[in-house]
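Here is how the chains run, residue by residue.
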Amino acid sequence: MLRKWVVTIIAAVLSAYAAGVVAQFGTPVDSVLPLIAVVITIVAAVSRPAIQIAVPLLLGGEIVIADERLRLVWFGLVLGFAFGAVVLGPRSSVLGSSVVAVAAIVLLRWIPLSNVAIWREVLLVGVALVIVVVMRGTAIGVAIAVATALFTPLVPLRTIGFAVAVLVVLVAFRIAGMPDLHFPAAGALVLAIMMLFFAWSGVLARAPHLAIEGLPSPTPRAPVRMALAPGQSVSLDVPHGATALIVSGANMARLRPGTIAGTMNGIPIRIGEIADWGFLRRDHFFKSRNRVPDHPAGQLRDYGQAAWVDGAGRVEIRGPRVAARGLVVRADQDLPPAARLQIDAFELGSR
Amino acid sequence: MIVAAVVILFALPLIVLRGATLRRSLALQVVLYVVAVVASRQVPGFDRYLATVALFVAQLALFSLFLAVAPADEVRWSANRAALIALLVYALMIPAMLRTPIDGDEPFYLLVTESIVHDHDLDLANQYRDLAHSATGRTDLRPQFGDPVGPHGERYSRHEPFLPLLLVPGYVLGGLRGALATIVLFGVLLVRSTVRLFEDEGIDDATARAVFPLFAFAPPVLFYAARIWPEVPAAFCFVEAVRGVRARRAQRWIPALLALSLLKLRFLLVALPLAVMAVLRLPGFKFARGNRATRQPGNPATRLPGNPATRIVLLLVAFSLPLIVLWFASGSATSVHSWRELLPVQPRLYAIGLFGLVLDGAAGVLFQAPLYLIGILAMVRWRETPQGFRVGVMASLLYILYLVPRAEWHGGWSPPLRYVVVFAPIFALGAASVWNRINTGVIALIAVWSSGLVVHGVTYPYRLFHIENGENAAGEALSQIYHSDFSRLFPSFIRLNDAAIVAGIVFMALFIAFLFVDRIHVPAAIAISLAACALAALFVAGQRPGRIVQFEDAHVVHKGGELFPEQYRVARFLYRGGWVLHATDSLSFLARGGEARLDYAAAAPALIDIGGRVYPLSATGSGYASARVSVPAGRVTLRCVGGSVNLDALTF
C-alpha cells in the first residue's frame, strides 16, 4: 500500500512538472494543467494505472492544438473518457469511488481556483461523498454525486439545499429497500458528458440544453452598442448582409418570460426572446427569473464554474420584420426605471 | 459509408464477445456515439471527415480493448472469427484509401493487370497512350526510368507480373475496387494465418487477442491490406511457409515460397534460406511434433523425397522459376536489378539501414509501428521465443542484409515499412511471446500512438507517402505550428541527425536491458509519467534553434523559390536536398547565431543577404560548395539578391 502511494506521488510530481512545462496558453484551464495531471494520477491510482495515459494525451493537445475551443473540447474528451473508463470497469470500493467523485467535482467546480469559496465547496463535497456512500460506490452513484455537485449553485449558500434534497431522497429510497444500482454505461455517459464540458462547467450547470446543443461560437457582427431607457427609441440603418439584431437586457433579470421588453418596428420583443445580459452568471443565476433566449446569441465568457453565456437573443430581421430602409427599436415604457434594452449588434450573414 | 461503418463496428463485438462483456461493449459504443455527437456541436468548424475517422478508430480501439480484457468464458475466439473481423474492417478501408488516387507502384501494377485483361500481354505501351480509359485514375503516368524496353518498342513494367495476375479476377469483377478487394482478401488470409501461427506456437488466446488488433488494425498491415502492393500477399505466403516448414508439410511451404518468390524477386532471399532450413532441418530447430498442425487427424506431415543434396537441387530448380518468369516478362532474369546488389558494401551503410528500419522517424518501426519494436526486442530472449519466430527471423536475415545497405532501405515512395511488412506476422509472434513481460504503461502508449497513426493514415491517405527528406509528418506539423525545427528531434537515418545517434545508443541500451526485463519492474503510472516528461522536454527543446538548418524543411518560412529536387523526382532519395532561391526570393528561420557554414550549389555566381549582411557566393558548377557566414541570433531572413542558389544547409 505504501509503495503504491509512493509511486503515485512520484507519478503525480512528474506529470505535474511535465504539464507545467508544456502549459503555454493563458486560459485558467491551461494554467491549471498541472492540477489536472495530479487529479488524473490520483484517479489512476485508485482505479487502473493505464488511465494515466490521459496525461500525455492532454499534453499532446496543449502542444498541437492552438485553437482554444478545440483544445478545451479535446481536454474535455480526454477527461470524459478517463472518468468514463473508471466507472465502467469492475465495481470499485466505496473509497475508490469517493476519490473519483471528489476528483471530478474538483475539476468541474474548482476552475478557476480564484473563484473557489473553500468552505462552501468542502461542504458540498461532503454531501456528495455521503451520496456516494449511500449508493455504495456504484457507477451511477458516482455520476449522481458529481451531477448533484455540478448543478448546485452554492450562491447563495442556501442552495446547498438542492444537494441535501437529493441526498435525502436517496436515503429514503435506500431505507425503502432500494437495491444496489450500478448502471455502468449510464454512469459513464453522464460522467463523460459532464467532464466534456469541464472547461465551461458553469454553462452546463446553469444552461444545460444550451451547452448540449452547442456552445455559442463567434459570428460576424456589426456592433451597435446602444442602451435604451424605458420609452426611448432609436432608428437604425440596416447594414448590408445583416440577418438579425442582437439584443439583450440590463437589470431585467427579475422579469418573467413573456414580459415585453421593447419593440422592433412595432413587433414586441419579449423576455424569452432575449434575457438579462448577465443572468447566467454564477452570482446572479439563482435570483433571476429569465430563461435562455429562444435563439441565443450570447457569447461564451470565462472558464470553468465561472463560465457563462450572456443573455443576448437573436431577433430576426428577415420575413415579417424586414425593414427595407431601417429599423425602429423602442424600449417598453413599462420597464423598471433602471432597466435598459441593449442593442448589441447586427448579425451579418446566415448562421 | 458512415452507416456501413456504424453497422460493421456494431457487428464486431457480436462476432466474438458474449455475456456481460458483449452488453458492456455495445453500451459503451452507444455512449461514445452520444459523447461524439455532443462534442461535435461544440466545434462546428472542425474537419468533419477527420472527426468521423477519429470516432470510428476510437470505436475500433474500444472493441479491441474489450477483446483483450474479456474473460475467457465471454469470448469466442478463433482464427476464422479474427479473419471475419479483419474482413469487415478492411472492407471499410477500400473507400478510405481511394479518397486520393493510388500512388507509388500501385498504378503500375494495375496497368499490368489491365494489359493482361485487355491485351493478353505485358506490353504497357498502349496503356500509357490511353491512360484516360485506365482504372488507375492517373493520367500522369509515364514509364519509370530504367523500365525494360522490348526490341519493337514494347514498354514493360519493372514489376513482377504475378501480383497483377492475381488481381485479374477482382479487376474483371470490379475494376480498381475489385483489385483492392483482392488485396483485402489476402489481408484477411494473412490475419487468419497469423492467428493460426500464434496457436501453433503455443501463444495463449488472451495474449493473441491482445496482440491481434495491434497487428491487424495498425500500421503497416492495415494500410497495405487495402493498397495494391505485393507486401500483404507476400506476408501471407511467408507466414504460411513458416507454418508449413514447422509442420513439415511440403505441400504447404513449397507453394507458399514459390508464390512469395514470384511476387517479388527480392523475396527469393527469404524463400531460399527458409527452404534450405526446411530441407536440412537445421539443428536447434524443431520441426513438426508437438505442433498443432500435425496433430490433427488426416493432416500428416509430408516430406520431400530423396537425400538432402537431391532435395536442395530440386528446390533450386523450383526456385529458378521466378527468374525465368521475369526473364520472359522483361527480357532480364533480374529485371532492373543486378546480381552486384548482393555484394557487401560499406559497413556504415548497414548500420544506417538497420538502425533506420528500427528507429527512423519517417520509416522506422519505433514511430510507424511500435508493436514490432517489442518483437525486435524479443530477439534478446532468443531461447524463450517460439520456434516459429526463430525460423522466421533466421529466414529473414539474408533479405535484411541485402536490404539495409541499399539507398532505398526506407521503402522509397510508399507507405512506411514497405520492405518489412512481409515479416510483420513473425515479429508480431515475437511480441506475443514476451507480451506478459511488457509494462502496461508501454502497451497503453503503443496503443494510443498506433491509433493516432491509423487516424492520420486513414484521414489523409496521401500522407502515407512522404518524401525522403529526413522529416516526418509529426515533425513537419509541429515545425509549421511553431516555425521552429521540431523535425530534428525525431531520429532520421535518411538524413542522419544527432537524434538518430542518441536514439541508436538508447536502443542498444534498451536491447541489453531487455535481458533483465523480468527483474526490472517500473509501475505503469511511472512509465507513462516519464513519457509525459519526455514529451515536455522535447517540446522545450523543439522551440530552440537547432545546430543545423536544412533549408527545405517545414520550419523554414519560404517566400518564393522551390524545392530541390522536385517532389516527384524518381529516386529522389539519391539527391542532396535543398531549396532554390532566385533573385528577390527569401526565406526565414530560427537561428542560434554565430559563425556558420553555408552549404550551397550555384551554377553561376550569386549574391545573398543574411540578416542584413551581403555575401557573394561563387559558382560551384554541378557540385556543392561551402561559405563561412555570420548569422545573427533569433529569426533571420535570408534573401537572394542576385542570381540563383540552391541552399542546402547552414551548420553552426
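Before any of the text, the structure's been laid out above.
Let us look at the structure shown here. These figures come from a predicted structure and were not determined experimentally.

Conventions and cut-offs
Residues numbered from 1 in each chain as written. Chains lettered and ligands numbered in written order. Predicted model: local features only at pLDDT ≥ 70, side-chain atom pairs only at ≥ 80, totals over all residues. Helix = DSSP H or I, 4+ residues; strand = E, 2+ residues; numbered from the N terminus. Buried ≥ 20, exposed ≤ 12 C-beta atoms within 10 Å, placed from the backbone. Contact = placed C-beta atoms within 7 Å. Nonpolar A, V, L, I, M, F, W, Y, C, P; charged D, E, K, R; others polar. Pairing = 2+ DSSP bridges. Axes fitted to C-alpha atoms, helices over the stretch in contact; angles between N-to-C directions. Parallel < 35°, antiparallel > 145°, perpendicular 65-115°, else oblique. Left-handed = near helix turned anticlockwise from the far one by under 90°. Core = buried A, V, L, I, M, F, W, Y, C linked by C-beta atoms within 7 Å. Expected span 1.5 Å × (residues − 1).

**Focus on the overall build of chain A**
Point 1. Helix and strand counts for chain A stand at 12 helices and 10 strands.
Point 2. Considered along the principal axes of its C-alpha atoms, chain A spans approximately 75 × 50 × 30 Å.
Point 3. Among the 351 residues that make up chain A, the fraction classed as buried is 52%.
Point 4. Sequence-distant contacts, at least 24 apart, represent 73% of the contacts inside chain A between residues at least 6 apart.

**A few points about the overall build of chain B**
Point 1. The secondary structure content of chain B amounts to 24 helices and 11 strands.
Point 2. For chain B, the spread of C-alpha atoms along the principal axes amounts to about 85 × 65 × 50 Å.
Point 3. Here chain B, with 652 residues, has 49% of them falling under the buried criterion.
Point 4. Restricting the contact set of chain B to residue pairs at least 6 apart, pairs at least 24 apart contribute 77%.

**Looking at the interface of chain B and chain A**
Point 1. Between chain B and chain A, the residue contacts involve 33 residues of the former and 42 residues of the latter.
Point 2. When contributions to the side of chain B that touches chain A are tallied by element, the ones reaching two or more residues are α2 (19-40), α21 (440-459) and α24 (524-542) of chain B.
Point 3. Among the elements that take part in the side of chain B that touches chain A, α24(B) stands out by supplying 13 residues, more than any other.
Point 4. Classifying every residue of the side of chain B that touches chain A gives 27 nonpolar, 4 polar and 2 charged.

**Regarding the pairing of strand β7 (residues 606-610) of chain B**
One face of the sheet, then the other: side chains in a regular strand alternate in exactly this way.
All names here are of chain B.
Point 1. The sheet contact formed by β7 and strand β8 (residues 613-617) spans 5 bridges and is antiparallel. The residue of β8 that forms the bridge with Ile608 is Tyr615.
Point 2. Two successive antiparallel strands, β7 and β8, enclose a turn made up of 2 residues, where Gly611 displays a positive phi of approximately 55°.
Point 3. As defined by bridge partners, β7 adjoins strand β10 (residues 634-642) across 4 bridges and the pair is classed as antiparallel.

**Some points on unusual backbone geometry**
All names here are of chain A.
Point 1. The step from Ile111 to Pro112 runs through a cis peptide bond, and the omega angle for that step is 0°.
Point 2. Residue position: Pro112 is located in the loop between α6 (94-109) and α7 (118-134).
Point 3. Each neighbour pair has its own omega, and for Val155 with Pro156 the value is 0°, a cis peptide bond.
Point 4. In this structure, Pro156 sits in the loop between α8 (139-151) and α9 (160-175).
Point 5. In this model, Asp302 sits at a positive phi of 60°, which is unusual for a non-glycine residue.

**A closer look at the sheet that holds strand β5 (residues 586-591) of chain B**
Residue and element names in this part refer to chain B.
Point 1. Within the open sheet, the 5 strands sit side by side as β2-β5-β10-β7-β8. Their pairing is antiparallel. Two strands in the sheet have a free side with no partner beyond their single neighbour: β2 (557-559) and β8. For this sheet the average axis-to-axis angle between neighbouring strands, irrespective of direction, equals 25°.

**Examining the packing of α21(B) against α24(B)**
Residue and element names in this part refer to chain B.
Point 1. Between α21 and α24, the least distance of the axes is 7 Å, while the angle of their chain directions is 45°. By the angle class used here, α21 and α24 are oblique. Touching Thr440, Gly441, Val442, Ala444 and Leu445 of α21 are Ala524, Ala525, Ala527, Ile528 and Ala531, all from α24.
Point 2. Here the contact of α21 with α24 is composed, by residue class, of 8 nonpolar, 2 polar and no charged.

**Section: the packing of helix α3 (residues 33-46) of chain A against α6(A)**
Angle between the axes and distance between the axes: these two values describe a pair of packed helices.
All names here are of chain A.
Point 1. Packing of α3 against α6 leaves a shortest axis separation of 9 Å and a crossing angle of 165°. Judged on the interaxial angle alone, α6 and α3 are roughly antiparallel. The handedness of the crossing between α3 and α6 is left-handed. Touching Ile36, Val39, Ile42, Val43 and Val46 of α3 are Gly96, Val99, Val100, Ala103, Val106 and Leu107, all from α6.
Point 2. Looking at side-chain class alone, the contact of α3 with α6 contains 10 nonpolar, 1 polar and no charged residues.

**As for the environment of Met135(A)**
Residue and element names in this part refer to chain A.
Point 1. Along the chain, Met135 falls in the loop between α7 and α8.
Point 2. With 26 C-beta atoms packed within 10 Å, Met135 lands in the buried category.
Point 3. When the C-alpha positions of Met135 and Val171 are compared, they lie 8.8 Å apart, and in sequence the two are 36 residues distant.
Point 4. Leaving out residues up to four positions away in the same chain, Met135 has contacts with Ile140, Gly141, Ile144 and Leu170.

**Thoughts on the sheet that holds strand β10 (residues 340-348) of chain A**
All names here are of chain A.
Point 1. An order of β1-β10-β3-β8 is seen for the 4 strands of this open sheet, with the pairing classed as antiparallel. The open sheet is flanked by β1 (221-228) and β8 (313-316), the only strands paired with a single partner. Averaged over all pairs of adjacent strands, the angle between strand axes in this sheet comes to 25°, irrespective of strand direction.
Point 2. Two elements, β1 and β10, share 6 bridges in a ladder whose sense is antiparallel. What sits directly across from Arg221, in β10, is Glu347.

**As for the nonpolar core**
Point 1. The biggest cluster of nonpolar side chains holds 300 residues, and the ones touching the most others in it are Val146(A), Leu191(A) and Leu260(B).
Point 2. Considering each element in turn, this core owes the most residues, 18 residues, to helix α7 (residues 162-200) of chain B.
Point 3. Not counting chain neighbours up to four residues away, the residues in contact with Val146(A) comprise Ala101(A), Ala104(A), Ile105(A), Leu108(A), Ala128(A), Leu191(A) and Met194(A).
Point 4. In this structure, Leu581(B), Leu598(B), Ala601(B) and Leu617(B) belong to the second largest nonpolar core, which totals 25 residues.

**Focus: α3(A)**
In an α-helix, one turn spans 3.6 residues; hence positions three or four apart end up facing the same way.
Point 1. The terminal C-alpha atoms of α3(A), which comprises 14 residues, lie 20 Å apart, in line with the 20 Å expected from a rise of 1.5 Å per residue.
Point 2. In terms of burial, α3(A) is a largely internal element, 11 of the 14 residues being buried.
Point 3. If you check which residues of α3(A) are buried, you get Leu33(A), Ile36(A), Ala37(A), Val38(A), Val39(A), Ile40(A), Thr41(A), Ile42(A), Val43(A), Ala44(A) and Ala45(A).
Point 4. On its buried face, α3(A) is in contact with α1 (2-22), α2 (28-31), α4 (54-64), α5 (68-88) and α6 of chain A together with α24 of chain B.

**Side note on the environment of Leu263(B)**
Residue and element names in this part refer to chain B.
Point 1. On the secondary structure map, Leu263 appears in helix α11 (residues 250-263).
Point 2. Judged by local crowding, Leu263 falls into the buried class, with 26 C-beta atoms found within 10 Å.
Point 3. Spatially, the C-alpha atom of Leu263 lies 10.0 Å from that of Leu165, the residues being 98 residues apart in sequence.
Point 4. Residues within four places of Leu263 in sequence aside, it is in contact with Glu160, Phe162, Leu163, Pro230, Pro233, Ala234 and Cys237.

**Describing the environment of Leu401(B)**
Point 1. Note on placement: Leu401(B) falls in helix α19 (residues 387-403).
Point 2. Once the C-alpha coordinates of Leu401(B) and Leu489(B) are considered, the two residues, 88 residues apart in sequence, prove to be 28 Å apart.

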